[in-house]
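An overview of the molecular structure
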Amino acid sequence: MSNVNILQIGEGNFIRAFFDFYIDLANERLGYNGSIAMCQPRTNNKVINALKAQNCEFDVICRGTLNGKPIDDRRKITCVSDCIDTTNNWDDVIETACLDSLEFIVSNTTEAGIYYDSNAKYDDAPDCSYPAKLTRLLYERYKRGKSGVIVLPLELIENNADTLRIYILKHAVKWSLDDGFFDYIYKECSFCNTLVDRIVTGHIEGDSDPCSVACEPFFTLVIQADEKCKERFPVIEDIDGVKVFYTNDIKPYIDSKLKILNGLHTMSVLGAYIHGFDNVYDMINDEEFRVLVENCLSEEILPTILVSNENKSRFADFVIERFSNPFIEHRILDISLNSVAKYQARCMTTVLDYYRMYHKAPRYMSLAFAYLIRFYKGEFKNGMFIGKRVKHGVYNEYEIRDSQHVLEAFEAAYKTDDPVKAIMSDSSLWEIDMSRLDGFYDAVKKEFDAIDR
């Protein structure tokens, strides 16, 4: 493992079909020599051990249309050198983080993964938040006199690297780490904000590779890079739909992608699931839901994005086309993971920007909020939080997957006389009291009551 130059925190479908795919392609097309050591950010070691059992290799299946041409491609990913079970082999993760050859630490822990945990301790091994883990890993590297690394978080939050660095410094202060560590973080390590764009649908049931993951051909990675990152990270400018480029200001790209692609996903899919749809393709090809999505896009999302009308309209049309990809089954329950954090990251800016522009509640984002609250109506059963929907006249149960705090908040809210008020006013979920936005509570409550009936 001495040649590993990338430590990857995350083993989920997205990072494997996005980052691992890209490094494997760069190795082939650019002669890059990328070697990844992968570990999981949480205690669940099912995927990491399954990958280790098959020599850390897996297939990425790209299906869809690109420039009007059908694509059906399968790539064997061979750039992962080691898979480390973080829960049982934390010392191995530390040793990997301290390798002389290490250049990058890359992560994808979902929007809910980058947060500050005031209860985290330096010697936790390793059940703590990702920022706390990374603080420990970088401090161990600093103590051994190793060179700084480039940190590339792929989580879909605005200013992901800047936010991650702030939390690292907060942990360093709380843990009373050496003063020199602060200089190490600022001067020796690079923290580069990123934006990722690829729809990843997950494993295809019955596929010959139990660890394979399916995705669309479209691929974009935008990096707000410093000179160190530009010197070391391989760049494919445009090969078979794969594009990587640098920018000095990533915000316009984030606004467009978060609000249009991810915002549309988040505002529509939970309602679609409640109404009996199981995947995005069927949802977008239903006349009523397509109108709902297109109206939200044209009336609430696009007006709040401060880029040229031509650019944002072209991207919006492209997004609708990607939603309509018949080659991939983007399952709604997969998308629903951590939907509270996703609404906050992807839809809240549209809600607040709409208020600043029009001084009233946005109709479709209010409906989306109501659908979210209804989707999270559930109860704990055998360690899982279970909701119910009606499909073809029959009740179906489904698992609601989110943090324990979020699930407990919804369970408690549904024991009150007004769950909508309880959820909207819970600033631990949204950072602000959403019920105090003029007219927003009334709009959401009206939609919720109609849905619940």
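Analysis parameters
- Residues numbered from 1 in each chain as written.
- Predicted model: local features only at pLDDT ≥ 70, side-chain atom pairs only at ≥ 80, totals over all residues.
- Heavy atoms only, no water.
- Salt bridge = Lys/Arg side-chain N within 4 Å of Asp/Glu carboxyl O.
- Helix = DSSP H or I, 4+ residues; strand = E, 2+ residues; numbered from the N terminus.
- Buried < 20%, exposed > 50% of the residue type's maximum accessible area, 1.4 Å probe, protein only.
- Pairing = 2+ DSSP bridges.
- Axes fitted to C-alpha atoms, helices over the stretch in contact; angles between N-to-C directions.
- 1 Å grid on protein atoms, 1.4 Å probe; cavity = no way out; pocket = protein on both sides within 12 Å on 5 of 7 lines; lining within 4 Å.
- Points joined across faces, edges and corners; volume = space filled by probe spheres on them.
- Nonpolar A, V, L, I, M, F, W, Y, C, P; charged D, E, K, R; others polar.
- Phe/Tyr/Trp six-rings, centres within 6.5 Å; stacked < 30°, edge-to-face > 60°.
- Lys NZ or Arg CZ within 6 Å of the ring centre and 35° of its normal.
- Disulfide = S-S within 2.5 Å.
- Patch = residues over 30% accessible without salt bridge, like charges linked within 9 Å, V, L, I, M, F, W, Y side chains within 5 Å.
- Areas by Shrake-Rupley, 256 points an atom, 1.4 Å probe, with all protein chains shown as cover.
- Lys, Arg positive; Asp, Glu negative; His and termini not counted.
- Charge placed at Lys NZ, Arg CZ, Asp CG, Glu CD.
- Parallel < 35°, antiparallel > 145°, perpendicular 65-115°, else oblique.
- Left-handed = near helix turned anticlockwise from the far one by under 90°.
- Contact = heavy atoms within 4.5 Å.

1. Some thoughts on the pattern of salt bridges
Within the structure shown, the criterion is met by 29 salt bridges. Linking R232 and E103 is a salt bridge whose minimum nitrogen-to-oxygen distance equals 4.0 Å. Taken together, the positions of R232 in helix α7 (residues 227-232) and E103 in the loop between α3 (90-97) and β6 (104-107) put the pair 129 residues apart, joining distant regions of the chain. Taking the relative accessible area as the measure of exposure, R232 reaches 32% and is therefore partly exposed. Using a relative accessible area of 22% as the deciding quantity, one classes E103 as partly exposed. Here E216 and R322 are joined by a salt bridge, their closest N and O atoms 2.4 Å apart. Of this pair, E216 sits in the loop between β11 (213-215) and β12 (219-224) while R322 sits in helix α11 (residues 309-323), placing them 106 residues apart in sequence. As far as burial versus exposure is concerned, E216 and R322 are alike and both buried. Overlapping salt bridges bring together D24, E28, R29, R75 and D240 as one network.

2. Some thoughts on the sheet that holds β11
In space, the four strands of this open sheet follow the order β4-β3-β11-β10, with mixed pairing throughout. Either end of the sheet is taken by a strand with one partner, and the two such strands are β4 (69-77) and β10 (200-202). Strand after strand, the sheet turns through a mean of 20 degrees between neighbouring axes, direction not considered. Here three bridges tie strand β3 (residues 58-66) to β11, and the two strands are oriented parallel to one another. Bridge pairing in β11 places I61 opposite A214.

3. Here we look at empty space enclosed by the protein
Taken as a whole and assessed by the stated rule, the structure comprises one cavity of 30 Å³ or more. Estimates place the volume of the largest cavity at around 50 Å³. Lining the largest cavity we find I199, H265, V280, Y281, R322, F323, N325, I328 and H330. Counting residues per element, the ones that place at least two in the lining of the largest cavity are α9 (280-284) and α11. Residue composition of the lining of the largest cavity, by class: five nonpolar, three polar and one charged.

4. Considerations on the packing of aromatic side chains
Where two aromatic rings form a pair, the distance of their centres and the angle of their planes describe that pair. For the structure on display, the rule yields 30 aromatic pairs. Taken together, the aromatic side chains of F14, F18, F19, F21, Y22, F104, F219 and F233 make up a single cluster linked through ring pairs. The side chain of K388 reaches across the aromatic face of Y395, ending 5.7 Å from its centre. Here K421 stacks its cationic end above the ring of Y441, 5.0 Å away from the centre of that ring.

5. Notes on the state of the cysteines
Summed over all chains, the structure comprises zero disulfides. Between C56, a free cysteine, and C83, which holds the nearest cysteine sulfur, the sulfur-to-sulfur gap is 3.4 Å. Owing to a relative accessible area of 5%, C56 belongs among the buried residues under this scheme.

6. Topic: a negative patch on the surface
Together, D178, D179, D183 and E188 make up a negatively charged patch on the protein surface. One can find E188 in helix α6 (residues 179-188).

7. Examining the packing of α3 against helix α4 (residues 130-143)
Close contact between α3 and α4 brings their axes to 8 Å; oriented N to C, the two are set at 55 degrees. As the angle between them shows, α3 and α4 are arranged oblique. Crossing of α3 over α4 shows right-handed handedness. Packed against α3, whose contacting residues are W90, V93, I94 and A97, the element α4 presents K133, R136, L137, E140 and R141 at the interface.

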